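# Survey of secondary and tertiary structure
One letter stands for each residue in the lines below.
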Amino acid sequence: MGASRLPQELIDAITDDLHEDYDALLACSLVCRSWLPSSQRLLFRAVTFVLEEDRCNKLAQALLDSPHLANYIRELEVCVRADFWQARERDQSLPAAVIRKLNRLRSIHLSELEMDHLTVDLRQSLRWVLLLPSLTSLTFRLGYSNDAHILQHLLTRGNQEDDEPRERSNLSHLDLELAAEGNLDLYVDWFLGPQSPFEISHIQNLCLGLLDKKDEKALNRLFRTIGGSLKEVEFGVPCRLDPGLTLDIKLEHNSNIRFLTLTNISIGKLPAVTLGPAWLLGFLSNIHASNKIEQIFLEVMIFDIDTFREVCSADVWVQVDCILAKKFLKLEGLGLDLLVSSTDLEVYSEIEDIIFDEFPLLAERGVDVNVWCDGLSSVLLT
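Here is a short report on the structure shown in this document. (Residues numbered from 1 in each chain as written. Predicted model: local features only at pLDDT ≥ 70, side-chain atom pairs only at ≥ 80, totals over all residues. Heavy atoms only, no water.)

### A few points about the packing of aromatic side chains
Note the threshold: Put simply, two rings from Phe, Tyr or Trp (the six-membered ring, in Trp's case) pair if the centres are within 6.5 Å, and we call them stacked under 30 degrees between planes, edge-to-face over 60, tilted for the rest. Helix numbering and strand numbering both begin at the N terminus, where a helix is a DSSP run of H or I of at least 4 residues and a strand a DSSP run of E of at least 2. Residue exposure (1.4 Å probe, protein chains only): buried if accessible area is under 20% of the type maximum, exposed if over 50%, otherwise partly exposed.
Scanning all chains against the criterion turns up six aromatic pairs. Between F235 and W279, the ring centres sit 6.4 Å apart and the planes meet at 90 degrees, which makes this aromatic pair edge-to-face. Here the residue F235 occupies a position in strand 9 (residues 232-236), and W279 occupies one in helix 11 (residues 276-286), the gap between them amounting to 44 residues. Each member of the pair, F235 as well as W279, carries the same accessibility label: buried. With 6.1 Å between their ring centres and 45 degrees between their planes, F297 and W372 make a pair best called tilted. Placement of the pair is F297 in strand 11 (residues 295-302) and W372 in strand 13 (residues 368-375), with a sequence separation of 75 residues. Classification of W372 by relative accessible area gives partly exposed; the value is 40%. Put simply, the rings of F235, W279 and F283 pair up and form one aromatic cluster.

### What to know about the pairing of strand 11
Quick note on the threshold: Note on pairing: DSSP must find at least two bridges between two strands before they are called paired.
With six of its eight residues buried, strand 11 lies for the most part within the structure. Both strand 10 (residues 259-267) and strand 11 contribute to a ladder of seven bridges, which runs parallel. When the sheet's bridge partners are listed, S266 is paired in strand 11 with M301. Across eight bridges, the pairing between strand 11 and strand 12 (residues 333-340) is parallel. Note on strand 12: the bridge partner recorded for M301 is L339.

### Focus: the nonpolar core
Formally: What is meant by a nonpolar core is a set of buried Ala, Val, Leu, Ile, Met, Phe, Trp, Tyr and Cys residues, joined one to another through side-chain atoms within 4.5 Å. Only heavy atoms enter the contact rule, under which two residues are in contact if any of them lie within 4.5 Å.
Formed by 100 residues in total, the largest nonpolar core has its most connected members in I249, L262, F283 and W317. Per element, the largest residue contribution to this core is six residues, and it comes from helix 13 (residues 316-327). If we ignore the near neighbours within four places in the chain, the residues touching F283 are F235, I249, L251, L260 and L262.

### Digging into the sheet that holds strand 4 (residues 137-141)
We count it as follows: Every axis in this analysis is a line fitted to C-alpha atoms, fitted for helices over the stretch in contact. Angles between the N-to-C directions lie between 0 and 180 degrees.
Across the sheet, which stays open at both edges, the eleven strands sit in the order 1-2-3-4-6-8-9-10-11-12-13 with parallel pairing between neighbours. Edge positions in the sheet fall to strand 1 (46-50) and strand 13, since each of these pairs with one other strand and no more. Ignoring strand direction, the axes of neighbouring strands in this sheet form an average angle of 10 degrees. Pairing analysis gives five bridges linking strand 4 to strand 6 (residues 173-177), with the strands arranged parallel. Directly across from F140, in strand 6, lies its bridge partner L176. Packing of helix 9 (residues 184-192) onto the sheet brings it into contact with strand 4, strand 6 and strand 8 (205-210), and relative to strand 6 it is tilted by some 150 degrees.

As structure tokens, this is what we get:
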């Protein structure tokens, strides 16, 4: 492998421009010696260990054989994507050894994990990197069961003799998608407690899964603690509420939110399904007029087309249009993703035609309104 005559700054600029093209970066790494570090820096910036796959240990061994590559890793994902029983049987000593060497991480993503999946060595390695002060982004997606003691074990500092004193990491992104609704308070207690390794008052991007009435106090406590740092927020609207109950979410301490995403706004006849747009009206009405929201995205799940027609006949969307146009003065765009439980293409066309005519005030203000209509497959409500 020879040397390049190009200035290193130009080589870096070329590889940076190709940062999303894996094959191109791989080809660049083979050009000559001076191209190798720039290419490797981007090839190994983000690493994923899928615990049940053979390539997990192959990747880990490659990183151990070339220890300098660990210095390039900024984003780490550890997950189980299919067979968690197989993941539990795998040798996890190699990924555990690699993770322990990652001292420059900015982002950690843990998904579909349970404590039974992880060996003691891997738990300790994950716990070590979760205490790194360099962390700015944390994602937990616990999909099989509400394994709350994962966080209790991994996200507690200072309870082991070999822990080194470390400053708290300033999170800017927090994504919590919990398997069971109604237990957000357990996680919020840890994040806000004295044993937490994180300073969350700097969070700019907060993404939460499907919420429950029981999550109300914890969620408002979290919003209040984050305060004016919050720029983007996403959460799932509960589709099951007891009669007469609502989810009262307060954003008066978060006046700098720019992007708001609400998912799982449900429309249907089943008793277990709350009338999503009615909740939406109340929520939007309670947001303070001083808000600076620029973009709103709504995911609407339509389980019954007749109920959807009734909602439109009751001028619910007209009221949404009125609230957004008169109260959200900074609003630039509204996106609606309509997920329909039907295979009838005529139903899709009907829904799109109805919705497009429901936002005249926003259109008059020049707000960009986009509507998508997709199929809603295999939805089970109990």
